[in-house]
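If you want the building blocks of each chain, they are given just below.
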Amino acid sequence: MKKNNNENLSERARALASSAKDLGEGLLGKLLEGNPMGKAVEPGAMERLLGAGANGPGLEDCARCGSCKARCPAYEMTGNEAFSPRGRLMLLKGLAGGGPPPTDGLLGRIFSCALCGRCDASCPVGIKPTEFIYRGRDALRKFDSKRLLTRTVLRASLNRPATGVSAARFLTGLKHGLLKRLVSRLPRGISFPRRQLKNGHQVITPRKAVGRVAVFAGCSANYLMPETGEDLIGMLVAAGYEVVMPGGEVCCGMPLRGLGLEDEARRFAMKNLEIFGKLNVEAVISPCSTCVYMIKKRYPELVGGSVENAMDATEFLLSPGRLDLGPAIKKKEKADLRLIWHEPCHLKYGLGFNAEPFLGLLNIEKPKEEGCCGFGAFLTDKDTSRELLSKRLSAYEGADMVVTACPGCRIQLESGGIKTAHILEVIEEAFPGTDSGTELAG
Ligand code: SF4
Ligand code: SF4
């Protein structure tokens, strides 16, 4: 009798668990994703995956030479072919060829890529593995319940970033509870200042203009590190540039693509293109290498056009003729902090700008070994992200401060307990006269 009762109970528990799972998948799928869990890859997403090579070499053109593996931080970490760019391409090829339904293992391999883009810069055939990985994530999205909450929160926050930041600021003030735990999953380097850089259309004009530029702030500089954006604007004005900050800028879309939200990323890209693509300016400058990389180099595959004159702030300011390099050398003698350089992957491999020739002038040391900080995997694979970060922290041991050109890298490095600075702050300190003292209203 007792045994029968136990059997009944376990049957009921199984049925309950199964209906809860169905309910969870159905409801969460419908409510949060707008797309119930299914068994087949959506035709639209599959077309996008296959179309990744439409304007260049496709999956079938991979010569399997393995050059892309040489610089892949995820492959270096695991030594596993399936975590290499070549291995990921082979897995996606299987998916595109109508292979078996994706397993957790496949999802893990596609979502653990740090999207650093080092593989794109190494392929002799011209294949961009990351383009297939972005589109593969889109195709795999509805099988991927593990990152469903992250997608939902990110989508909601980026649609209303000011509200998202206010909510996060409020939640970080809470001491207990689920919401507090949710916020505590953000990297420790993230803080939520009370002001934001841009709030509508603004034009700042120097006394004597030598040119006209626009600023694409990016979400990090706009909402999390407004002081970096202020430094940039002050330096541009001091260098004689009229600075336009058109209203209406939205996220560049990179984090959305990273989570497989291609449609949303495309919508954001179209909006930015509409605003920044038609401005009459010499350059659109951003203090975030990843934003520049996205709006200049990755928009063509996404929306067929780009902000062609986008430029990284570091490259713009350090280009010949923009700053007087003389005073920096004097300042160098007074430097008392040990600064070590962290090269953002998107600056060096995505945009092809090498800051190393300027490091000596700014009294910044080259690290004993360069590498990816793992920020690109933060939203999709915490273990990969943490492991890559810990390698960076060992390489930068002994630094008083790590200097970089990407707010995302700063957030990641600070979450490992190391102090960081944007290179713009160092340039501003090193070159007296680059700070215009400009204060933004609002
Ligand atoms: S470098 Fe290019 S051709 Fe060679 S394995 Fe990687 S993706 Fe294929
Ligand atoms: S983007 Fe970076 S982590 Fe991802 S496959 Fe390419 S090299 Fe590896």
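A quick note: this is a predicted structure, and the numbers were derived from the prediction, not measured.

## Some details on the pattern of salt bridges
Piece 1. For the structure on display, the rule yields 24 salt bridges.
Piece 2. The residue Asp 138 makes a salt bridge to Arg 48 at a minimum N-O spacing of 2.7 Å. With Asp 138 in helix H6 (residues 129-140) and Arg 48 in helix H2 (residues 43-50), this pair connects stretches of sequence that are 90 residues apart. Exposure class is identical for Asp 138 and Arg 48. Each is buried.
Piece 3. When the shortest N-O distance is used, the salt bridge between Asp 144 and Arg 151 registers 2.6 Å.

## Details of the nonpolar core
Considering soluble globular proteins, one finds that nonpolar side chains tend to be buried as a cluster.
Piece 1. Leu 95, Leu 236, Trp 341, Ile 364 and Ile 427 are the most contacted members of the largest nonpolar core, which has 103 residues in total.
Piece 2. The dominant element in this core, judged by the number of residues it contributes, is helix H14 (residues 289-303), at seven residues.
Piece 3. Every residue in contact with Leu 95, bar those within four places of it in the chain, is listed here: Val 41, Met 46, Leu 49, Pro 102, Leu 106, Ala 139 and Leu 140.
Piece 4. Counting residues in hydrophobic clusters, the runner-up holds seven residues, among them Cys 345, Tyr 349, Ala 377 and Leu 388.

## Thoughts on empty space enclosed by the protein
Piece 1. Taken as a whole and assessed by the stated rule, the structure comprises three cavities of 30 Å³ or more.
Piece 2. For the largest cavity, the calculated volume is near 110 Å³.
Piece 3. By volume, the second largest cavity amounts to about 80 Å³.
Piece 4. The wall of the second largest cavity is formed by Cys 72, Pro 73, Ala 74, Pro 85, Arg 88, Cys 113, Ala 114, Leu 115, Cys 116, Gly 117, Cys 119 and Thr 130.
Piece 5. Here the lining of the second largest cavity is built from residues that sort into nine nonpolar, two polar and one charged.

## Observations concerning the site of ligand 2
Piece 1. Surveying the vicinity of ligand 2 reveals the residues Cys 72, Pro 73, Pro 85, Arg 88, Cys 113, Ala 114, Leu 115, Cys 116, Gly 117, Cys 119 and Thr 130.
Piece 2. Spatially, ligand 2 is embedded in the second largest cavity.
Piece 3. Taken together, the residues that form the shell around ligand 2 break down as eight nonpolar, two polar and one charged.

## A closer look at the pairing of strand S8 (residues 401-404)
Piece 1. Pairing between strand S6 (residues 339-341) and S8: three bridges, direction parallel. What sits directly across from Ile 340, in S8, is Val 402.
Piece 2. Looking at chain direction, S8 and strand S9 (residues 420-422) are connected through three bridges and run parallel. Across the sheet, Thr 404 pairs through a bridge with His 422, a residue of S9.

## Remarks on the environment of Val 403
Piece 1. Its place among the elements puts Val 403 in strand S8.
Piece 2. Accessibility expressed as a relative area gives 0% for Val 403, which makes it buried.
Piece 3. If we ignore the near neighbours within four places in the chain, the residues touching Val 403 are Leu 339, Ile 340, Trp 341, His 342, Ile 364, Ala 421, His 422, Ile 423 and Val 426.

## Quick look at H14
Piece 1. Between its terminal C-alpha atoms H14 stretches 20 Å, which fits the 21 Å expected from 15 residues at 1.5 Å a residue.
Piece 2. At Lys 297, H14 shows its largest bend, some 45°, and a proline, Pro 300, comes one to four positions later.
Piece 3. Phi for Gly 304, located one or two positions after H14, is positive at around 80°.

## Overview of the packing of aromatic side chains
Piece 1. All chains considered together, the criterion is met by four aromatic pairs.
Piece 2. Ring plane angle 25° and centroid distance 6.3 Å describe the contact between Phe 353 and Phe 358, whose orientation is recorded as stacked. When sorted by exposure, Phe 353 lands in the same class as Phe 358, which is buried.

## Quick notes on helix H4 (residues 85-96)
Piece 1. With 12 residues, H4 ought to run about 16 Å at 1.5 Å a step, and its terminal C-alpha atoms sit 16 Å apart, in line with that.
Piece 2. All of the buried residues along H4 are Pro 85, Arg 86, Gly 87, Arg 88, Leu 89, Leu 92, Leu 95 and Ala 96.
Piece 3. At its buried positions, H4 is contacted by H2, helix H3 (73-78), helix H5 (104-111) and H6.
Piece 4. Phi turns positive one or two residues past the end of H4, at Gly 98, with a value near 80°.

The rules we used
Residues numbered from 1 in each chain as written. Chains lettered and ligands numbered in written order. Predicted model: local features only at pLDDT ≥ 70, side-chain atom pairs only at ≥ 80, totals over all residues. Heavy atoms only, no water. Salt bridge = Lys/Arg side-chain N within 4 Å of Asp/Glu carboxyl O. Helix = DSSP H or I, 4+ residues; strand = E, 2+ residues; numbered from the N terminus. Buried < 20%, exposed > 50% of the residue type's maximum accessible area, 1.4 Å probe, protein only. Core = buried A, V, L, I, M, F, W, Y, C linked by side-chain atoms within 4.5 Å. Contact = heavy atoms within 4.5 Å. 1 Å grid on protein atoms, 1.4 Å probe; cavity = no way out; pocket = protein on both sides within 12 Å on 5 of 7 lines; lining within 4 Å. Points joined across faces, edges and corners; volume = space filled by probe spheres on them. Nonpolar A, V, L, I, M, F, W, Y, C, P; charged D, E, K, R; others polar. Near = heavy atom within 4 Å. Sits in = over half its atoms within 2 Å of the grid points. Pairing = 2+ DSSP bridges. Expected span 1.5 Å × (residues − 1). Bend = angle between axes of the 7 residues up to and from the residue. Phe/Tyr/Trp six-rings, centres within 6.5 Å; stacked < 30°, edge-to-face > 60°.

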